[in-house]
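Next come the chains, spelled out residue by residue.
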Amino acid sequence: MADTLAERLGIGEVAERTGLSIDTLRFYERERLLVGPVGRSAGGRRRYSAFDVEWLLICVKLRESGMPLAELRRFAELVRSGPGNEAERLALLDAHRQRVDARIRELEECRAVITWKVGVYAEHLARGDAGGLWDPTP
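Reference entry: report on the structure contained in this document. None of the values given here were measured: they were computed from a predicted structure.

### Digging into the overall build of the chain
Inference 1: Helix and strand counts for the chain come out as 5 helices and 2 strands.
Inference 2: Along its sequence from the N terminus, the chain presents helices and strands in the succession α-α-β-β-α-α-α.
Inference 3: The C-alpha atoms of the chain give 23 Å as radius of gyration, which overshoots the globular expectation for 138 residues (14 Å, by more than 25%).
Inference 4: Taken along the three principal axes of its C-alpha coordinates, the chain extends 75 × 35 × 30 Å.
Inference 5: For the chain, the share of sequence-separated contacts (at least 6 apart) that also reach a separation of at least 24 residues comes to 50%.
Inference 6: With the model as given, the accessible surface of the chain reaches about 9400 Å², and the carbon-plus-sulfur share is 58%.
Inference 7: Of note, the chain has its 22 positive side-chain charges centred 5 Å away from the centre of its 22 negative side-chain charges.

Structural data, given as structure tokens:
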């Protein structure tokens, strides 16, 4: 059942639910990052549907994972276009997933170095001979 404007959320409520600022929600609308037009009340205030909120939550995760705005815009455009472009949507999302996977591997390598250095410092501190570890003074 489609929701009515009375059941929809205002911009402040959507900002709270998605973690996006009101300015960012307006920006997303201007940049056509939403799948459909945002409803309006009789007074012209934005009224978001449950679908809008669900889409925005996906957008948040895509952006947090590093998807560029241009790709997010293209993804929204493909979804708005309706059936028939699922292979292109899949290719876009799969390419992004591969970049995320590569970044995770890079971060795991960074964590391994940090973990090693934490161990070195902890070992030296436990032995009481930490003085001079990477001391920049001669």
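Having seen the model, we can carry on.
### With respect to the packing of helix 4 (residues 69–81) against helix 5 (residues 86–127)
Inference 1: Running from N to C, helix 4 and helix 5 cross one another at 155°; their axes reach a closest spacing of 10 Å. One finds that helix 4 runs roughly antiparallel with respect to helix 5. As for the relative orientation of helix 4 and helix 5, their crossing is left-handed in sense. Residues Glu71, Arg74, Phe75, Leu78 and Val79 of helix 4 lie in contact with helix 5, whose contacting residues are Glu88, Arg89, Leu92, Leu93, His96 and Arg99.
Inference 2: Taken together, the residues of the contact of helix 4 with helix 5 break down into 5 nonpolar, 1 polar and 5 charged.

The rules behind these values
Residues numbered from 1 in each chain as written. Predicted model: local features only at pLDDT ≥ 70, side-chain atom pairs only at ≥ 80, totals over all residues. Heavy atoms only, no water. Helix = DSSP H or I, 4+ residues; strand = E, 2+ residues; numbered from the N terminus. Rg over C-alpha atoms; globule rule 2.2 N^0.38 Å. Contact = heavy atoms within 4.5 Å. Areas by Shrake-Rupley, 256 points an atom, 1.4 Å probe, with all protein chains shown as cover. Lys, Arg positive; Asp, Glu negative; His and termini not counted. Charge placed at Lys NZ, Arg CZ, Asp CG, Glu CD. Axes fitted to C-alpha atoms, helices over the stretch in contact; angles between N-to-C directions. Parallel < 35°, antiparallel > 145°, perpendicular 65-115°, else oblique. Left-handed = near helix turned anticlockwise from the far one by under 90°. Nonpolar A, V, L, I, M, F, W, Y, C, P; charged D, E, K, R; others polar.

Fair warning: the whole summary comes from geometry, so function is off the table for now.
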